[in-house]
Every structure is written in C-alpha cells, then in structure tokens.
Amino acid sequence: VGGAIIAFRSGVWKPGVFPAGQQPAWRDAQEWARIHTPTDAVFITPPQRMGFFTPDWRVFSQRSTVVTLAELLEAAYAPEYLAHWEPRFEALAPGALAQFRGDFFRNLRTTSEAFYSLSTPQVLQIAHRYGATYLVVEQPHWRDLPEAYRNEGFVVYRLPLESSLLNPSTNRSASSRVLYP
C-alpha cells in the first residue's frame, strides 16, 4: 500500500485508460508550436520538464530546444555529446549541475529554480547566443515579452531578433517593443 501511494504521488503510476494519450497543457503548447511556428524555430523551454509521463518538448512540437535535462540521457550513447550539452545547460540553469547529488526529484527542483532565476535580459542573451526565437515558461513565471500563445499551464513568448534589444541600457523600451504582429 505504501509503495502504491508513493508511486501515485510521484507520478510513476497514473491509473486510467488513455487511448489517444493524455492532453495536458504541456502537450497542447507543443502542438501549437508544431502548427504555428517554422520547422527551424528554436525554443528555450523549461529544462527540467521531464518525467515518466512527460514528453520531451521535441516529441509533439517537432521543434528544437536550446537544451533540456532529458538530453543528458543522450550522453550514455554518445559521451562526446556532453561537450555540447553542458555549456547550454549551464547557461539555462546556472549552477544547477554543480548541485546535483543523484536525487532525481531534487535535481528537477534545482534545475527549475536556476532556470526561473534568470532575468529577461539574461534569457535574451542566451536566445541570441543559441538562435532561439521562442521562450516557453510555466505559469505564473511571466515575462515582459510579446506573447505568442497561452494555455492553462504555459506561456510561449516570441523573442526579439534585434541584438539592440539585448542590452536594456541602450534601449529603454526594449522590453515593451513588439516585433511581431
């Protein structure tokens, strides 16, 4: 009984029959991205979004991300991938990797806290460095950026492409400028 309670509360066991799969807000955001963005669009997504029943961003969106924690699993098959993954992960979740101690759920929390500690100018700098054109955040982590899509769990923002918007000191109206219709 204790094992069943732990499995249910941790999300490992989700009883039910879902012939077409579950339709959570995360999947809805991915499907919006697949339908409404170019195939070469790059997204900054919450890197900690992974789990037993949580599909990686690329599953339903069919769009690239800057980096996710789930991609660390690729290193088991291609250890050289770490050289590509680690600087990107450090950029989106600063200091999180150094705090990992083998506790899966704590690592997810640590990654989330690090990701959401980034300021909007920091996010814009990362976007510019890696060519990201969209940012996905869980509600209620709002940003002063143009919204492209919102559902009950997530907001997708369009990221400005102009490098002058990356430095708020040179352009005071950067956060309020809308570059897209």
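Residues numbered from 1 in each chain as written. Predicted model: local features only at pLDDT ≥ 70, side-chain atom pairs only at ≥ 80, totals over all residues. Heavy atoms only, no water.

Some thoughts on the pattern of salt bridges
Side chains that differ in sign of charge can pair as their charged atoms come close.
Right, on to step 1. Overall, the coordinates contain five salt bridges when judged by the stated rule.
Right, on to step 2. In this structure, Glu-31 and Arg-27 form a salt bridge, with 2.8 Å as the shortest nitrogen-oxygen distance. Of this pair, Glu-31 and Arg-27 both sit in helix H2 (residues 25–36), four residues apart, which is roughly one turn of that helix.
Right, on to step 3. Glu-31 gets classed as buried once you look at its relative accessible area, which sits at 19%.
Right, on to step 4. Classification of Arg-27 by relative accessible area gives buried; the value is 13%.
Right, on to step 5. Note that Arg-150 is salt-bridged to Glu-147, the shortest N-O span being 2.2 Å.
Right, on to step 6. For Arg-150, a relative accessible area of 41% translates into the label partly exposed.
Right, on to step 7. Judged by its relative accessible area of 36%, Glu-147 is partly exposed.
Right, on to step 8. Via salt bridges that share partners, Asp-56, Arg-58 and Glu-71 belong to a single interconnected network. (Salt bridge = Lys/Arg side-chain N within 4 Å of Asp/Glu carboxyl O. Helix = DSSP H or I, 4+ residues; strand = E, 2+ residues; numbered from the N terminus. Buried < 20%, exposed > 50% of the residue type's maximum accessible area, 1.4 Å probe, protein only.)

Thoughts on the sheet that holds strand E2 (residues 64–65)
For sheets, the rule is that strands pair by backbone hydrogen bonds, running either parallel or antiparallel.
Right, on to step 1. Pairing is mixed in the open sheet, where five strands are placed in the order E2-E1-E3-E5-E4. Every interior strand has two partners, whereas the edge strands, E2 and strand E4 (147–150), have only one.
Right, on to step 2. The pairing of strand E3 (residues 134–138) with strand E5 (residues 154–158) spans five bridges and is antiparallel. Looking at the pairing, Glu-138 lines up with Phe-154 of E5. (Pairing = 2+ DSSP bridges.)

Some details on the side chain of Arg-88
Right, on to step 1. Topologically, Arg-88 is positioned in helix H4 (residues 82–92).
Right, on to step 2. Of the side chains bearing the opposite charge, Glu-71 lies closest to the buried Arg-88, which forms no salt bridge; the N-O distance is 7.0 Å.
Right, on to step 3. If we skip the residues at most four places from it in the chain, Arg-88 touches Val-66, Val-67 and Tyr-130. (Lys, Arg positive; Asp, Glu negative; His and termini not counted. Contact = heavy atoms within 4.5 Å.)

Some remarks on the nonpolar core
Right, on to step 1. Ile-44, Val-66, Phe-89, Leu-92, Leu-135 and Leu-159 are the most contacted members of the largest nonpolar core, which totals 31 residues.
Right, on to step 2. Those elements that provide at least two residues to this core are strand E1 (42–44), H4, helix H6 (104–116), helix H7 (120–130), E3 and E5.
Right, on to step 3. Residues Trp-32, Tyr-134, Tyr-149 and Phe-154 belong to the second largest nonpolar core, which totals 14 residues. (Core = buried A, V, L, I, M, F, W, Y, C linked by side-chain atoms within 4.5 Å.)

Here we look at unusual backbone geometry
Right, on to step 1. Cis geometry marks the peptide bond from Gln-139 to Pro-140; its omega dihedral reads 10°.
Right, on to step 2. Tracing the chain through its elements places Pro-140 in the loop between E3 and E4.
Right, on to step 3. A positive phi angle, close to 55°, is found at Gln-62, a residue other than glycine.
Right, on to step 4. Within the secondary structure, Gln-62 is located in the loop between helix H3 (57–61) and E2.
Right, on to step 5. Here Gln-62 falls in the exposed class, since its relative accessible area comes to 52%.

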